[in-house]
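Architecture at a glance
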Amino acid sequence: MDSTEPTTRTTAQAGTLSLTVWPDTPLGEHQRYAHRIEDTATGQTLEGRDLFTGAGASVAPERAMRDLAAFLNAAGDARQYAIDDPGSTPEHQGLFPGWTAETARQNADALTLLAEEEQLSDPPKQQSRPAPDLSWFERPPGGWVARKRGRSL
């Protein structure tokens, strides 16, 4: 790992879930992030080292946190789908162990907010607007409008 990269852990709370991510050993062009998921209500924990950035792109740990929250949200949605449609095999069913998917389902709203935090925390970008045209009364006499329209009465 490059010594200039942050090695501190970033933690966020999503309902009863405490999520922590930190940079791990790079793998080729990808930066690997380790993570810890803890259900504060039950004390169950899960650790992994399987969050990766895009090729050649370094990201802030906050982005890795949002990605983890999005994956947990997908697992929670799959768990809810399995409850609603018994006998089905949801697409994201095997992302996390059963207790993690169930806790993610129970904390879906908080995980959604955490996963979408980038849009909420970034201030809206100000777009430069062109200066408004001068009003008719502010224009100098004989301006370009008068030449194009001819004489006014």
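Everything discussed here concerns the structure shown above.
Residues numbered from 1 in each chain as written. Predicted model: local features only at pLDDT ≥ 70, side-chain atom pairs only at ≥ 80, totals over all residues. Heavy atoms only, no water.

1. Details of the overall build of the protein chain
For clarity, the cut-off: Numbering of helices and strands runs from the N terminus; a helix is a DSSP stretch of H or I covering at least four residues, while a strand is a stretch of E covering at least two. Throughout, exposure labels follow a simple rule: accessible area from a 1.4 Å probe, protein chains only, divided by the maximum for the residue type, with under 20% read as buried, over 50% as exposed, and the rest as partly exposed. Contact definition: two residues touch when any of their heavy atoms are within 4.5 Å. In short, Shrake-Rupley with a 1.4 Å probe defines the accessible areas, and a residue's cover is counted only from the protein chains shown.
Of regular secondary structure, the protein chain possesses 5 helices and 4 strands. Along its sequence from the N terminus, the protein chain presents helices and strands in the succession β-β-β-β-α-α-α-α-α. Looking at the protein chain as a whole, 29% of its 153 residues qualify as buried. Pairs at least 24 residues apart make up 46% of the contacts formed inside the protein chain by residues separated by at least 6 positions. Accessible surface, the protein chain as shown: approximately 10600 Å² in total, 51% of it carbon and sulfur.

2. Observations regarding the sheet that holds strand β1 (residues 10–14)
Note the threshold: Note on pairing: DSSP must find at least two bridges between two strands before they are called paired. The axes used here are C-alpha line fits, helices contributing only the stretch in contact, and every angle between their N-to-C directions lies in the interval 0 to 180 degrees.
With antiparallel pairing, the 4 strands of this open sheet are ordered in space as β1-β2-β3-β4. Only two strands of the sheet have a single neighbouring strand rather than two, namely β1 and β4 (45–52). Between one strand and the next, the sheet's axes are offset by a mean angle of 20°, whatever the strand orientation. Note: strand β3 (residues 32–39) against β4, 6 bridges, orientation antiparallel. Following the sheet pairing, Arg32 is matched in β4 by Phe52. Where helix α1 (residues 61–84) meets the sheet, it contacts β1, β2 (17–23), β3 and β4, and its direction lies at approximately 135° from that of β2. Packed on one face of the sheet, helix α2 (residues 98–106) meets β2, β3 and β4 and runs near 75° to β3.

3. Describing the packing of aromatic side chains
Spelled out, the test is: Each Phe, Tyr or Trp ring (for Trp, its six-membered ring) is paired with any other whose centre lies within 6.5 Å, and the angle between the two planes then decides the class: stacked below 30 degrees, edge-to-face above 60, tilted in between. Remark: a charge is flagged as sitting over a ring if the NZ atom of Lys or the CZ atom of Arg is within 6 Å of the ring centre and within 35 degrees of the ring normal.
Counted by the stated rule, this structure contains 0 aromatic pairs. One Lys or Arg, Arg9, reaches over the ring of Trp22 and ends 3.6 Å from the middle of that ring.

4. With respect to the packing of α1 against helix α3 (residues 108–115)
Operational definition: Left-handed describes a crossing whose near helix is turned anticlockwise from the far helix through less than a right angle; right-handed describes the clockwise counterpart. For this classification, the nonpolar set comprises Ala, Val, Leu, Ile, Met, Phe, Trp, Tyr, Cys and Pro, the charged set comprises Asp, Glu, Lys and Arg, and every other residue, Gly included, is treated as polar.
Two elements in contact, α1 and α3, have axes whose closest approach is 8 Å; the angle formed by their N-to-C orientations is 145°. Seen along the crossing, α1 lies across α3 with a hand that is left-handed. On α3, the residues that touch Met65, Arg66, Ala69, Ala70, Leu72 and Asn73 of α1 are Ala108, Leu111, Thr112, Leu114 and Ala115. The class makeup of the residues in the contact of α1 with α3 is 8 nonpolar, 2 polar and 1 charged.

5. Focus: the pairing of β1
Burial of β1 is one-sided: the residues Thr10, Ala12 and Ala14 facing one way are buried, the residues Thr11 and Gln13 facing the other way are not. Note that β1 and β2 share 5 bridges and pair antiparallel. From the neighbouring strand, Ala12 faces β2, where its bridge partner is Leu19.

6. Points about α1
The test is simple: Take the number of residues in a helix, subtract one, and multiply by 1.5 Å to get its expected span.
With 24 residues, α1 should reach 34 Å at 1.5 Å per residue; the first-to-last C-alpha distance of 35 Å fits that figure. Those residues of α1 that fall on the buried side of the exposure criterion are Pro61, Ala64, Met65, Arg66, Leu68, Ala69, Leu72, Asn73, Ala74, Ala75, Gly76 and Ala78.

7. Things to note about the environment of Asp67
Relative to the assigned elements, Asp67 resides in helix α1. Considered as a pair, Asp67 and Ala115 are 48 residues apart in the sequence and their alpha carbons are 6.6 Å apart.

8. Some remarks on the side chain of Thr20
The cut-off we apply is this: The term polar contact refers here to a pair of N or O atoms within 3.5 Å; inside protein, the definition further demands a hydrogen-donor-capable atom paired with an acceptor-capable atom, and it admits residues adjacent in sequence only when both atoms are side-chain atoms.
Topologically, Thr20 is positioned in strand β2. Of note is the side chain of Thr20, whose polar atom sits 3.2 Å from the side chain of Thr11. Excluding residues that lie within four positions of it along the chain, Thr20 makes contacts with Arg9, Thr10, Thr11, Ala34, His35, Arg36 and Met65.

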